[in-house]
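Spelled out from the first residue to the last, the chains are:
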Amino acid sequence: IIGRYIYEDLFKGGETAPSKDKLSGLIYVLKNHDINALIEVAGERHISIARSVELYRQLLAAGVPPEAAEIVSIDESGTGDATTVELYSEAGEEG
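Parameters at a glance
Residues numbered from 1 in each chain as written. Predicted model: local features only at pLDDT ≥ 70, side-chain atom pairs only at ≥ 80, totals over all residues. Heavy atoms only, no water. Pairing = 2+ DSSP bridges. Helix = DSSP H or I, 4+ residues; strand = E, 2+ residues; numbered from the N terminus. Axes fitted to C-alpha atoms, helices over the stretch in contact; angles between N-to-C directions. Contact = heavy atoms within 4.5 Å. Salt bridge = Lys/Arg side-chain N within 4 Å of Asp/Glu carboxyl O. Expected span 1.5 Å × (residues − 1). Buried < 20%, exposed > 50% of the residue type's maximum accessible area, 1.4 Å probe, protein only. Polar contact = N/O pair within 3.5 Å; in protein donor to acceptor, adjacent residues only side chain to side chain. pLDDT = per-residue confidence, 0-100.

(A) Region of interest: the sheet that holds strand β3 (residues 69-75). Taken in spatial order, the four strands of this open sheet run β1-β4-β2-β3, and their pairing is mixed. If you trace the sheet from one side to the other, it starts and ends with β1 (3-7) and β3, each paired once. Adjacent strand axes in the sheet meet at a mean angle of 15 degrees when their direction is disregarded. Strand direction decides the pairing type here: strand β2 (residues 35-43) and strand β4 (residues 83-89), joined by seven bridges, are antiparallel. If you follow I35 over to β4, its bridge partner there is S89. Where helix α1 (residues 20-32) meets the sheet, its contacts fall on β1, β2, β3 and β4, and the angle it forms with β2 comes to roughly 150 degrees. Its contacts with the sheet put helix α2 (residues 45-61) on β2 and β3, and the angle it makes with β3 is roughly 165 degrees.

The structure is reproduced here in structure tokens:
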């Protein structure tokens, strides 16, 4: 793992669309470096699934290769809705 980041505010309230300002940095990294990401979207089940789908759509629309981002929904009902991003090299090697 190159880095691990927790976004408390990638999604606001019950919205399913991510903040474009917060997403722009991740898009830049995934498009311009040999880095992949595992993205865990937490929240109530139906919201985390909808957010995961919308996040994937926005990454693809921005030109991020589909293999650069693995997105999973985490059912965290009642415990918050943070999004965790783990960055790693394409080869799976650290650094």
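From this point, the discussion proceeds with the structure in view.
(B) Spatial organisation of the pattern of salt bridges. By the definition in use, this model includes two salt bridges. A salt bridge links R4 to E86, with the shortest nitrogen-to-oxygen separation between them at 3.8 Å. Linking R4 in strand β1 with E86 in strand β4, this pair joins segments that are 82 residues apart in sequence. For D9, the salt bridge is made with K22, and the minimal N-O distance between the two is 3.3 Å. Taken together, the positions of D9 in the loop between β1 and α1 and K22 in helix α1 put the pair 13 residues apart, joining distant regions of the chain.

(C) Geometry of α1. Helix length check: α1, at 13 residues, gives a terminal C-alpha distance of 18 Å against a target of 18 Å (1.5 Å per residue), a fit within 8%. For α1, every residue scored as buried is listed here: L23, L26, I27 and L30.

(D) Summary view of α2. End to end, α2 covers 24 Å across 17 residues, agreeing with the expected 24 Å (1.5 Å per residue, within 8%). Those residues of α2 that are buried are in contact with α1, β2 and β3. Two residues or fewer after α2 comes G63, characterised by a positive phi angle close to 95 degrees.

(E) Spatial organisation of the side chain of R51. In this structure, R51 sits in helix α2. A polar contact is formed between the side chain of R51 and the backbone oxygen of G13, at a distance of 2.5 Å. Aside from chain neighbours lying at most four places away, what touches R51 is F11, K12, G13, G14, E15, T16, V41, A42 and D81.

(F) The confidence of the model for the protein chain, seen in detail. Of the residues in the protein chain, 92% reach a pLDDT of 70 or more, and the chain-wide mean stands at 89. Ranking the helices and strands of the protein chain by mean pLDDT puts α2 first, with 95, and α1 last, with 92.

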